[in-house]
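Chain residues, written in single-letter form:
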Amino acid sequence: MTTLNTHAYKTASTLSIVLGTLLILFSYLGGKDELFLLLNGDLGKMADYFFAAFTYAGDGILWVPVGLYFIFYKRSLLPLVLSAIIFSTLFVQVGKKIIYPNEARPTAAIEATVANPIHTVAGVTVHTSNSFPSGHTTTAFSLFLLGTLAIPYPYFWIPGIVMAILAGYSRVYLAQHFPLDVGAGIFCALGSIWISLKIQQWADVKKNK
């Protein structure tokens, strides 16, 4: 039977559920646009450089080296990883293309004013459609939750969730997504990894019969 760090995963999942719920709740109670403008504020040049680079921690291309690592070094967990790739991609694309097709992103949905400026970062191409959910956030939190299962260190969730949060926040800071999109991305990741874990457990049972 494949050994998985389910205790760390449960901790990580609980924290992710709380964070995603708060983002969605505050977006509805305080206003989707208002929460975006609050979190999108300019934090200076160093923050611009950092988040412009760190946002790639949620880029879908990261699944390639992760997938290759598991193919060559942890083949027993391939059902978990391949399922995570498939379901995280599926959930995001269904959200973007079917449930909320062409949903406007912040710069297209909000009229920037002197009182409410939208902060953008030079050199970063700001997209205007397919806002919901945040694909980068889904990838970042999927990798985080996957890591808590596959990495045999009980406290991986501490640096893991910090990195996932920073990747999610970068999408708001760079004016690519609303906090609501980030919250939805977290739940896409939670659903993806939960299903993937069930598939891994089913595959383990089949293999050990």
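Just so you know, the residues in each chain are numbered from 1, in the order the chain's sequence is written. The model is predicted, so local features are restricted to residues of pLDDT at least 70 and side-chain atom pairs to those at 80 or more, both for listing and for counting; the totals for chains, interfaces and linings are taken over all residues. In computing side-chain properties, one takes all heavy atoms of the structure into account and sets aside hydrogens as well as water.

Engineer: For this particular structure, what's the right way to read the overall build of the chain?
Structural biologist: For the chain, the helix and strand inventory stands at nine helices and zero strands. Starting at the N terminus, the α and β elements of the chain follow one another as α-α-α-α-α-α-α-α-α. Only C-alpha atoms enter the radius of gyration; for comparison, a globular chain is expected to reach 2.2 Å times N to the power 0.38, where N is the number of residues. For 209 residues, the compact-globule formula gives about 17 Å, and the C-alpha radius of gyration of the chain, at 18 Å, lands near that figure. By principal-axis analysis of the C-alpha atoms, the chain measures approximately 65 × 35 × 30 Å. Contact criterion: two residues are considered in contact whenever any of their non-hydrogen atoms come within 4.5 Å of each other. Relative to all contacts within the chain whose residues are 6 or more apart in sequence, the contacts with residues 24 or more apart total 86%. As presented, the chain carries roughly 10,700 Å² of accessible surface, and 69% of it is formed by carbon and sulfur atoms. Between the centroid of the 13 positive side chains of the chain and the centroid of its 9 negative side chains there is a distance of 20 Å. In this text, helices come from DSSP runs of H or I with a minimum length of four residues, and strands from runs of E with a minimum of two, each type numbered from the N-terminal end. Method for areas: the Shrake-Rupley scheme with a 1.4 Å probe, in which residue coverage is limited to the protein chains shown. In summary, the charge assignment counts Lys and Arg as positive and Asp and Glu as negative, without counting His or the chain termini. A charge is said to be at NZ when it belongs to Lys, at CZ for Arg, at CG for Asp and at CD for Glu.

Engineer: What exactly am I supposed to notice about the nonpolar core here?
Structural biologist: When a protein is soluble and globular, its nonpolar side chains tend to lie buried together. Phe36 and Leu145 are the most contacted members of the largest nonpolar core, which totals 37 residues. Within the residue set of this core, elements represented by two or more residues are helix H1 (6–30), helix H2 (32–39), helix H4 (63–73), helix H5 (78–99), helix H7 (135–150), helix H8 (157–173) and helix H9 (179–207). The element contributing the most residues to this core is H9, with eight residues. Leu145 has contacts with Tyr9, Ala12, Ser13, Ser16, Ala189, Leu190 and Ile193, leaving out every residue within four places of it along the chain. Residue types Ala, Val, Leu, Ile, Met, Phe, Trp, Tyr and Cys, when buried and joined through side-chain atoms within 4.5 Å, form a set referred to as a nonpolar core. Each residue's exposure class comes from its accessible area (1.4 Å probe, protein chains only) as a fraction of the maximum for that residue type: buried when under 20%, exposed when over 50%, partly exposed otherwise.

Engineer: So what exactly am I meant to see when it comes to the pattern of salt bridges here?
Structural biologist: Pairing between side chains of opposite charge can happen when their charged atoms approach one another. Basic side-chain nitrogens of Lys or Arg form a salt bridge, by our definition, when they fall within 4 Å of a carboxyl oxygen of Asp or Glu. Across all of its chains, the model carries one salt bridge by this definition. Where Lys32 meets Glu103, a salt bridge forms, and the shortest distance between an N and an O atom there is 3.3 Å. Taken together, the residues span a long stretch of sequence, with Lys32 in helix H2 and Glu103 in the loop between H5 and helix H6 (106–109) at a distance of 71 residues.

Engineer: What exactly am I supposed to notice about the packing of H1 against H7 here?
Structural biologist: Describing two packed helices takes the angle between their axes plus the distance from one axis to the other. Axis separation between H1 and H7 bottoms out at 7 Å; the angle between their running directions is 155°. With respect to H7, the axis of H1 lies roughly antiparallel. On H7, the residues that touch Thr6, Ala8, Tyr9, Ala12, Ser13, Ser16 and Leu19 of H1 are Phe141, Phe144, Leu145, Thr148 and Leu149. Following the grouping adopted for this structure description, the nonpolar residues are Ala, Val, Leu, Ile, Met, Phe, Trp, Tyr, Cys and Pro, the charged ones are Asp, Glu, Lys and Arg, and the polar ones are all others, Gly among them. For the contact of H1 with H7, a count of residues per class yields eight nonpolar, four polar and no charged. Between N-to-C directions, angles cover 0 to 180 degrees, with each direction set by a line fitted to C-alpha atoms, over the stretch in contact for helices. Should an angle lie under 35 degrees it is considered roughly parallel, over 145 roughly antiparallel, and from 65 to 115 roughly perpendicular; all remaining angles are considered oblique.

Engineer: Help me out: how do you make sense of unusual backbone geometry in this one?
Structural biologist: It is generally the case that most residues other than glycine have a negative phi and that most peptide bonds are trans. The omega angle of the peptide bond from Phe132 to Pro133 is -5°, so this bond is cis rather than trans. Relative to the assigned elements, Pro133 resides in the loop between H6 and H7. At Asn130, a position not held by glycine, the phi torsion is positive, near 60°. Mapping Asn130 onto the fold places it in the loop between H6 and H7.

Engineer: I tried to follow the packing of aromatic side chains on my own but got confused; where do I start?
Structural biologist: The relation between two aromatic rings is expressed through the spacing of the ring centres and the mutual angle of the planes. Pairing of aromatic side chains here covers Phe, Tyr and the six-membered ring of Trp, requires ring centres within 6.5 Å, and sorts the geometry by plane angle: under 30 degrees stacked, over 60 edge-to-face, intermediate tilted. This model, assessed by the stated rule, comprises eleven aromatic pairs. Centre to centre, the rings of Phe51 and Tyr169 are 5.1 Å apart; their planes meet at 75°, and the pair counts as edge-to-face. Highlighted residues: Phe51 in helix H3 (residues 45–54) and Tyr169 in helix H8, separated in sequence by 118 residues. Given the relative accessible area of 7%, Phe51 is considered buried. Assessed through its relative accessible area of 21%, Tyr169 is described here as partly exposed. On the numbers, 5.4 Å between centres and 90° between planes, the contact of Tyr69 with Phe70 is edge-to-face. In this structure Phe70 comes out as buried when scored by relative accessible area, which is 8%.

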